[in-house]
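As a plain string of letters, each chain reads:
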Amino acid sequence: MMRRLQQVGRMLPMLVMVALLLTGCGDPYLSALQPKGPVAGMQYDLIKLSVIIMLGVFTVVIVIFTYVLIRYRKRKGDNSIPEQIEGNHKLEIIWTVIPFILLIVLAIPMVSTTFTLAKDYSNDKDAVQVKVTGHQFWWEFEYPDLKINTAQELYIPVNKKVYLSLEAADVIHSFWVPALGGKKDTNPGMTNHMWLESTVEGTFQGRCAELCGPSHALMDFKVKAVSQEEFDKWVVKMTKGENAPAENKAVATQGDEIFKQSCVSCHAVDGNGGKIGPDLTNFGNRQTVAGVLPNDKKHVAEWLKDPESVKPGNLMPNLKLQDDQVDALVEYLSSLKRQ
Ligand code: CUA
């Protein structure tokens, strides 16, 4: 007995460490436990309800279990066999009815929320329609009504429903923004739907939640919830805006030439170019390059020189660019800032 206790005592610091480590998991914007909109809110309520029911059942069972263990333990010197009981109608009815009631309590909000979350807003004039396409390993966001095609950063106005139509270009991915609610697979050749809404302004982390290849863990995106006014401004910038003047115009022009030769078959800027890679119209405004590196000149260069080392398995080829070509492209890409 003492030895057992000593063993447990030795493991205790390790368990405390693990618990502390786990509580530090994820930043506040990647948590389903800090909902920032009605969808995530409803889901959080369901999590709370089911945890409360589970804890209630657990507590009752443990209390009865402990009571029976102590009350009916084998006592020293007592070798008699206790009374043998089989079957008890009253008890059996009680422990059949209680779980039944608990399941009903759980099922009513569960089913009603499921229907609320499955509502179709495709014809709702007030909802923002967005077509989401998962690619290995980036996200494409298309606003069919606004004629905007962008990538990696999903702009939405606050307090407005955003209705998403989700598809995939290659393999199955899963669109997941825990703080705003929802996780839905994007499948090739099939369209899924979901809606979300943010009640606060801010940037929310999104992740691909379906193992989709070597860079699955790097398939991040961001949802930028802004005021309606900001959003309208963004729409104008994206559709009619002009680029900010480049810091070094001559070099940027050189970069533009290289872009037109080597990149434009896959990447579009202002609607001109291929759709194999992300649209780069507002590349300079983005927070990250390739979804995971900070968007500054050093990291853009790192990405251009060897995309494979940053995001293994992605489709971007190594163009084997000379250093001066990389510099020119970096200058051009960073000038793609919408203002
Ligand atoms: Cu896409 Cu995992």
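Residues numbered from 1 in each chain as written. Predicted model: local features only at pLDDT ≥ 70, side-chain atom pairs only at ≥ 80, totals over all residues. Heavy atoms only, no water.

### Remarks on the overall build of the protein chain
Part 1 of the reasoning: Counting secondary structure elements, the protein chain contains eight helices and 12 strands.
Part 2 of the reasoning: Computed over its C-alpha atoms, the radius of gyration of the protein chain comes to 28 Å, more than 25% above the 20 Å expected for a compact globule of 339 residues.
Part 3 of the reasoning: Here the C-alpha coordinates of the protein chain stretch approximately 100 × 55 × 35 Å along the principal axes.
Part 4 of the reasoning: Expressed as a percentage of the 339 residues in the protein chain, the buried residues total 37%.
Part 5 of the reasoning: When contacts within the protein chain are restricted to residue pairs at least 6 apart in sequence, long-range pairs at least 24 apart make up 65% of them. (Helix = DSSP H or I, 4+ residues; strand = E, 2+ residues; numbered from the N terminus. Rg over C-alpha atoms; globule rule 2.2 N^0.38 Å. Buried < 20%, exposed > 50% of the residue type's maximum accessible area, 1.4 Å probe, protein only. Contact = heavy atoms within 4.5 Å.)

### A short note on the packing of helix H2 (residues 38-71) against helix H3 (residues 89-117)
Part 1 of the reasoning: Here H2 crosses H3 at 170°, and the two axes come no closer than 11 Å. When the axis of H2 is compared with that of H3, the two are roughly antiparallel. With respect to the hand of their crossing, H2 and H3 are arranged in left-handed fashion. Contacts between H2 and H3 pair Val 39, Met 42, Gln 43, Leu 46, Leu 49, Ser 50, Ile 53 and Val 57 from the former with Leu 102, Val 105, Leu 106, Pro 109, Met 110, Thr 113, Thr 116 and Leu 117 from the latter.
Part 2 of the reasoning: Here the contact of H2 with H3 is composed, by residue class, of 12 nonpolar, four polar and no charged. (Axes fitted to C-alpha atoms, helices over the stretch in contact; angles between N-to-C directions. Parallel < 35°, antiparallel > 145°, perpendicular 65-115°, else oblique. Left-handed = near helix turned anticlockwise from the far one by under 90°. Nonpolar A, V, L, I, M, F, W, Y, C, P; charged D, E, K, R; others polar.)

### Things to note about unusual backbone geometry
Part 1 of the reasoning: The omega torsion of the bond from Gln 136 to Phe 137 falls at 0°, within 30 degrees of zero and hence cis.
Part 2 of the reasoning: Mapped onto the elements of the fold, Phe 137 is located in the loop between strand E1 (128-135) and strand E2 (138-143).
Part 3 of the reasoning: Non-glycine residue Lys 320 carries a positive phi angle of around 50°.
Part 4 of the reasoning: Relative to the helices and strands, Lys 320 is located in the loop between helix H7 (307-310) and helix H8 (323-334).
Part 5 of the reasoning: The exposure class assigned to Lys 320 is exposed, which follows from its relative accessible area of 66%.

### A look at H2
Part 1 of the reasoning: A rise of 1.5 Å per residue sets the reference length of H2, with its 34 residues, at 50 Å; its end C-alpha atoms lie 49 Å apart and thus fit the reference within 8%.
Part 2 of the reasoning: Among all positions of H2, only Val 39, Ala 40, Gly 41, Leu 46 and Ile 53 are buried. (Expected span 1.5 Å × (residues − 1).)

### Some words on the nonpolar core
The nonpolar side chains of a soluble globular protein tend to be buried with one another.
Part 1 of the reasoning: If you look at the biggest cluster of nonpolar residues, it comprises 38 residues, and the most contacted ones within it are Val 130, Phe 141, Tyr 143, Leu 154, Leu 164, Phe 175 and Leu 196.
Part 2 of the reasoning: Listing elements by their share of this core, those giving two or more residues are E1, E2, strand E4 (153-157), strand E5 (162-168), strand E8 (192-196), strand E9 (202-208), strand E10 (220-226) and helix H4 (228-240).
Part 3 of the reasoning: If near-sequence neighbours (up to four positions away) are discounted, Val 130 is found in contact with Phe 141, Glu 142, Tyr 143, Pro 144, Leu 154, Val 162, Tyr 163, Leu 164 and Ser 165. (Core = buried A, V, L, I, M, F, W, Y, C linked by side-chain atoms within 4.5 Å.)

### Side note on the pairing of E5
Part 1 of the reasoning: Among the seven residues in E5, six count as buried, and that is most of the element.
Part 2 of the reasoning: With seven bridges joining them, E1 and E5 adopt parallel strand pairing. Pairing of Val 130 across the sheet is with Leu 164, part of E5.
Part 3 of the reasoning: In this structure, E5 lies alongside E8, joined through five bridges in antiparallel fashion. In the strand pairing of E8, Leu 166 is matched with Asn 192. (Pairing = 2+ DSSP bridges.)

### Some thoughts on the pairing of E1
Part 1 of the reasoning: In terms of burial, E1 is largely enclosed, as seven of its eight residues are buried.
Part 2 of the reasoning: As paired strands, E1 and E2 are joined by five bridges and run antiparallel to one another. Bridging across to E2, Val 132 finds its partner in Phe 141.
Part 3 of the reasoning: Linkage of E1 to E2, two consecutive antiparallel strands, is achieved through a turn of two residues.

### Observations regarding the side chain of Glu 331
Part 1 of the reasoning: With respect to the helices and strands, Glu 331 occurs in helix H8.
Part 2 of the reasoning: Within the structure, the side chain of Glu 331 is placed 3.3 Å from the side chain of Lys 297, a separation counted as a polar contact.
Part 3 of the reasoning: Contact partners of Glu 331, with chain neighbours within four places excluded, come to Glu 247, Asn 248, Val 251, Ala 252 and Lys 297. (Polar contact = N/O pair within 3.5 Å; in protein donor to acceptor, adjacent residues only side chain to side chain.)

### Here we look at the environment of Gln 136
Part 1 of the reasoning: Tracing the backbone shows Gln 136 in the loop between E1 and E2.
Part 2 of the reasoning: On the basis of relative accessibility, which here comes to 23%, the residue Gln 136 falls in the partly exposed class.
Part 3 of the reasoning: Within polar-contact distance, the side chain of Gln 136 engages the backbone oxygen of Cys 212 at 2.9 Å.

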